[in-house]
Amino acid sequence: MILTRTLCFAIAALSSYAALAYRLCQVGRSWRDSAYRALVVTLLLQCLTFTMGAFAMGGGSLLGVGNLAILVMHVSAVAFCVSAQIILLRWATDTGEVVRRVRSWLVTGAVLGVLLIALFFIADGPGRPASDFNTGSGRPLVLTYLLVFIVSQAVPCVTIFRQCGPYARMTDKASLRQALRLLSVSAVILFLYCACRTVNILTAAWGIDIGVWQVAASVFSAAGIVVLSLSLTISSWEASAAKLLEWVRSYRSYRALYPLWRDLYEASPDIVLEPSGSAAVSDLHYRLHRRVIEIRDGWRDLRPYIDRSAAPAPAPGTEEPGTSSEYRQAYAEATQIRQALHAKRTGTVPVHSKDAGDFDDRDPDDFTAEVAWLAQVASVYRKIG
């Protein structure tokens, strides 16, 4: 159980540091933006919170004061929640109302921090076992300290969740809407952490042992922080991630088209516009366009060898219910290509050749749809080879 909790703290800390490092890489062009500075402060507090959590799991004292790491973790967690709420307000609007609400959150955070520090020392926090601050151990002052901390975490989760929906509908920026949606998800997960932590504290106070279920709070905490880290950085990496996914899809299509392109090239070497090289990776968009054009040209070269009077046999199982008409057409096209390639290699010219047309019922102006269709034909072509 201790290992699982330590691992959860480590995951939360690593995701926090990764988000902070990513945002700090943008400091040159963004530091004058107050929202950016608030975000960096939030991520710093997030890193401090879970670094202290991981340190506290070791059981050692900080600066010679017992359980001081736990106190620093809890106070920085309060400041972190307040800072996250401020970021949400700044994302939503720049009106004067925001300034007033930011001040109220700062005052609330300061009061909660002072209250936690006072309760910690009144409850003799430095002299107690670290396990007392996990379950409370039935000590009234420690229980009060822990419940104040849980409330300080749960209330911002509720307010953030309630605000994210309306704010997401207000903004015109797609990346900000996505960030707000992720932020609302993280608020829900972190609220579940608060609920599980409360159950842990109260069951321990009542002498009820819930066993391994105690680690649920740590799991929800780690998951919520990972989602929160993504929400606080998505506006800057979403476009890059979308480009990467598009590149991966294009590369998969490029590779999927290779068997069809190879056989057409062997039958008609003149279709190649220029020699292939390693630029397929670095200039993939151009290479994919070129491959599609070369496949089309190879198909046109085969028209004299396609027998219009011969209908390809249906694929095994394609008459069964649920088989799409598009797959049946792809099978028909792939079969025609194989038959035409064989006819060209043997020099057999059918009496009724297909002397006009391209891939049937396809719009060559829609490049994305054309690539998807050719990839499906190429997949069927490879299977029947």
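Predicted model, so just to flag it, every value in this text is computed and none were measured. Note on numbering: residues in each chain are counted from 1, in written sequence order. For a predicted model such as this one, the threshold for reporting local features is a pLDDT of at least 70, and the threshold for listing and counting side-chain atom pairs is 80 or more; totals across whole chains, interfaces and linings nevertheless cover every residue. Calculation of side-chain values draws on the structure's entire complement of heavy atoms; hydrogens and water are dropped beforehand.

A. Spatial organisation of the side chain of Gln153. Turning to its location among the elements, Gln153 is positioned in helix H7 (residues 140–170). Buried means the residue's accessible area, taken with a 1.4 Å probe over protein chains only, is under 20% of the maximum for its type, while exposed means over 50%, and partly exposed covers the values in between. Accessibility expressed as a relative area gives 8% for Gln153, which makes it buried. If we skip the residues at most four places from it in the chain, Gln153 touches Ala77, Val78, Cys81 and Cys194. Here a helix means four or more residues in a row that DSSP labels H or I, a strand means two or more in a row labelled E, and each is numbered from the N terminus. Only heavy atoms matter for contacts: two residues are in contact if any of them lie within 4.5 Å across the pair.

B. Structural detail: the packing of aromatic side chains. Each Phe, Tyr or Trp ring (for Trp, its six-membered ring) is paired with any other whose centre lies within 6.5 Å, and the angle between the two planes then decides the class: stacked below 30 degrees, edge-to-face above 60, tilted in between. For the structure shown, the criterion picks out 5 aromatic pairs. For the pair Trp247 and Tyr251, a centre-to-centre distance of 5.3 Å together with 5 degrees between the ring planes defines the contact as stacked. Of the two residues, Trp247 and Tyr251 are both situated in helix H9 (residues 216–256); the distance of 4 residues between them amounts to about one turn of the helix. Look at Tyr251 and you get partly exposed, because its relative accessible area is 30%. Relative to Trp261, the ring of Tyr258 has its centre 5.9 Å away and its plane inclined at 35 degrees; by these criteria the two rings are tilted. Taken together, the residues Tyr258 and Trp261, both in helix H10 (residues 258–267) and 3 residues apart, mark about one turn of the helix. Tyr258 gets classed as partly exposed once you look at its relative accessible area, which sits at 31%. The exposure class assigned to Trp261 is buried, which follows from its relative accessible area of 7%.

C. Summary view of the packing of helix H8 (residues 174–205) against H9. Here an angle of 0 to 180 degrees is reported between the N-to-C directions of two axes, which are lines fitted to C-alpha atoms, with helices fitted over the stretch in contact. Remark: H8 packs on H9, axes separated minimally by 8 Å, with the N-to-C direction vectors making an angle of 165 degrees. Considering the angle they form, H8 stands roughly antiparallel to H9. Crossing angle aside, the handedness with which H8 passes H9 is left-handed. Considering only residue class, the contact of H8 with H9 consists of 18 nonpolar, 8 polar and 2 charged. For this classification, under 35 degrees means roughly parallel, over 145 means roughly antiparallel, 65 to 115 means roughly perpendicular, and everything else is oblique. Two helices crossing with the near one rotated counterclockwise from the far one by less than a right angle form a left-handed crossing, whereas a clockwise rotation gives a right-handed crossing. We call Asp, Glu, Lys and Arg charged. Ala, Val, Leu, Ile, Met, Phe, Trp, Tyr, Cys and Pro are nonpolar, and the rest, Gly among them, are polar.

D. Quick look at the packing of H10 against helix H12 (residues 284–301). It is the contact of H10 with H12, at a shortest axis distance of 9 Å, that shows an interaxial angle of 50 degrees. Between H10 and H12, the crossing angle belongs to the class labelled oblique. Taken as a pair, H10 and H12 cross one another with a handedness that is left-handed. Between H10, through Tyr258, Leu260, Trp261 and Leu264, and H12, the contact on the second element is made entirely by Arg291, Glu294, Ile295, Gly298 and Trp299. Within the contact of H10 with H12, the residues separate by chemical class into 6 nonpolar, 1 polar and 2 charged.

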